[in-house]
Amino acid sequence: MNLVLLNHPVADNIPRSLTCLVRTEKLHFRFLTWEFLLLPRAHNGVEKSGSGKGDKLALAVTEQTADCNIFQPATLDFESHHNYVETLETSEPTTKKFKSCETKYTDYTPCQEQDRAMTFPRENMIYRERHCPPDDEKLRCLILAPKGYTTPFPWPKSRDYAYYANVPYKHLTVEKAVQNWVQFQGNVFKFPGGGTMFPRGADAYIDELASVVPMKSGMIRTALDTGCGVASWGAYLLKRNILVMSFAPKDNHEAQVQFALERGVPAVIGVLGSIRLPYPSRAFDMSHCSRCLIPWASNEGMYMMEVDRVLRPGGYWILSGPPLNWKTYHKVWNRTKEECKAEQKRIEDYAELLCWEKKYERGDVAIWRKNINGKSCRKTSANICQTKDTDNVWYKKMDACITPYPTVKDSDEVAGGELKKFPARLFAVPPRISKKMVPGVTVESYQEDNKLWKKHITSYKRIISLLGTTRYHNIIDMNAGLGGFAAALDSPKLWVMNVVPTIADNTLGVVYERGLIGIYHDWCEGFSTYPRTYDLLHANRLFTLYEDKCEFEDILLEMDRVLRPEGSIILRDGVEVLNKVRKIAAGLRWETKLVDHEDGPLVPEKIFVAVKQYVVEGDDDQNTPNDE
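Only a predicted model underlies this, so the values are computations on that prediction, with no experimental measurement involved.

Caption draft 1: Seen up close, the state of the cysteines. If you walk through the whole model with that rule in mind, you get five disulfides. Here Cys111 pairs with Cys132 through a disulfide, and the sulfurs are 2.1 Å apart. Measuring handedness by torsion sign, the sulfur bridge of Cys111 and Cys132 sits at about 110 degrees and is right-handed. Taken as a pair, Cys111 in the loop between helix H3 (53-64) and helix H4 (114-117) and Cys132 in the loop between H4 and strand S3 (161-163) lie far apart in primary sequence, 21 residues in all.

Take a look at the structure:
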């Protein structure tokens, strides 16, 4: 066969039946050596290269095989219908058909389950941290949506309303009734935008903060909300083009983070406890605590020091609630004036030690600003962290030490590098790259990466026409790299949680310097979120990365858990790896397609797309046994 192709004088004369046979004989193309397409061809004793007939032949094969039937154009239905999606027929055997989990696991969060949590110490909130099940205790079944589940309201309506059937917990409507967090009306929850410390609404509260923090300037783009409640602060900042990473511990009866994500607001289950936050140093332009009940003055200021680590030089820390305004509220808190006064004094002292300058205090609100560098602020008594890698935080113990500023040449220089205003920040060269702080990444390779992802997004939108609309609002990029996927997709209609796997190159600092948000995570474990919290999952080369680290089955089951019914998946990887994925996916009730690379069928990298079916509690097959 090779001789026939090599000796064809004109590329156009290649028989279509032959080219399709080349494609259909095993998906990984091993039986045919493709190198001859790139070799220079001898003609009258002269070797030709560059744009010779060898290149034309390769182009002809690409063009003529574009409509063969192995990688058909995607015809999946990406609309929401709240009914079953017909499973794609496949001749390949599946490893197993996964059964449905019991009803009690509807809101299962593998690494933050209450029963397991209660076996750990309560000191420093250790029991609320991540505690994942060992391999032999992993729940390998499909999490069902509650009966009556329906697709959430589209953004921005989802900010204010959520279906009761999707998050059937009324506790907050009683517990926080006077604070205007959430109300129950008919079959929906309404979120009026209130909060414990902003009874006049989130907008009025944010306006007060904006009188000090330059939120309209473009310099404030990423923020951290510690102890976020239902994340109304983050929800109302989205319309001001500020992305907030909100977190709160899991609480079975309050489900605060679950409400936040149902509303379409970035959030994860998390707590300031005994281990580092899963974010890089110098990540956020602003950090916020509104009656978050974090003991800032305890543990030698350890929690303030951790906020300082993730706060960018020149960033702002906002505290509202206890112990501020203690003269007015100390009796309500059942505390003495002396106790409250001493607590605030300790907070003030730690802020000074951290080189934070107080810019504002009125009523229940105080705002500090972190110095832009450490030229003239560190006290000799300060305990400076000794670790050289300040981003090495996954399961690392938190210590009461101060993360040193990057060095500067003069007192006017911003430590770590000054960022552009957003949106210019999105595609400007991040300081971590221009300062050569990311091994293997240059300014040129960063710019090429951006071009590549713009091309990929164009291709994705041909496959999923609704990508970029409110149909897909909550999105995860499971192997974010430099954040190119999220940057190319950037829109006020959506947000992307950029995950940098702990075994991948550490690029999360670059993601934040672009004005995007993300988190470190190991995909061999459960993600810190509730089931059904994302509309679309994207992963580039994730399964190649984890091929020898853990079972594909576990990663795919976790993807199914966090994906909403009738949500979509886009995987980009080598064809051999994706064939393994496709075999497992057939047992997950996903409708799947394998699509050619944008550059044609000769490229061994392919695109896997899938739609998760709509399955709820009570469906007939929920007790179907596994088919081994």
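Caption draft 2: Broad picture of the sheet that holds strand S5 (residues 188-190). Across the sheet, which stays open at both edges, the three strands sit in the order S3-S5-S4 with antiparallel pairing between neighbours. Looking at the sheet topology across the chains shown, the edges are occupied by S3 and strand S4 (183-185). Put simply, the sheet's adjacent strands are angled 30 degrees from each other on average, direction ignored.

Caption draft 3: The arrangement of the pattern of salt bridges in detail. Tallying each qualifying case throughout the model produces 40 salt bridges. In this structure, Arg532 and Asp107 form a salt bridge, with 2.9 Å as the shortest nitrogen-oxygen distance. Taken together, the residues Arg532 in the loop between strand S15 (517-521) and strand S16 (534-540) and Asp107 in the loop between H3 and H4 connect sequence positions 425 residues apart. With its nearest N and O atoms 3.1 Å apart, the salt bridge here joins Arg572 to Glu605. Remark: Glu605 occurs in strand S19 (residues 605-612) and Arg572 occurs in strand S17 (residues 563-574); sequence separation between them is 33 residues. Beyond isolated ion pairs, a larger network of salt bridges with shared partners links Lys96, Asp135, Lys138, Arg140, Glu553 and Asp554.

Cut-offs used in this document
- Per chain, residue numbering runs from 1 following the sequence as it is written.
- Reporting of local features is limited, given that this is a predicted model, to residues whose pLDDT is at least 70; pairs of side-chain atoms are given and counted only at 80 or more, and all residues count toward the totals for whole chains, interfaces and linings.
- Hydrogens and water molecules were not included; the side-chain quantities draw on all heavy atoms of the structure.
- In this description, the term disulfide denotes a pair of cysteine sulfurs within 2.5 Å.
- Helix and strand definitions here come from DSSP, where helices need a minimum of 4 consecutive H or I residues and strands a minimum of 2 consecutive E residues; each element is numbered from the N-terminal end.
- Note on pairing: two strands pair once DSSP finds at least 2 bridges between them.
- To get an axis, fit a line to the C-alpha atoms, keeping to the stretch in contact for a helix; angles then go from 0 to 180 degrees between the N-to-C directions.
- The term salt bridge refers to a side-chain nitrogen of Lys or Arg lying within 4 Å of a carboxyl oxygen of Asp or Glu.

Shape descriptors only; they carry no functional weight alone.
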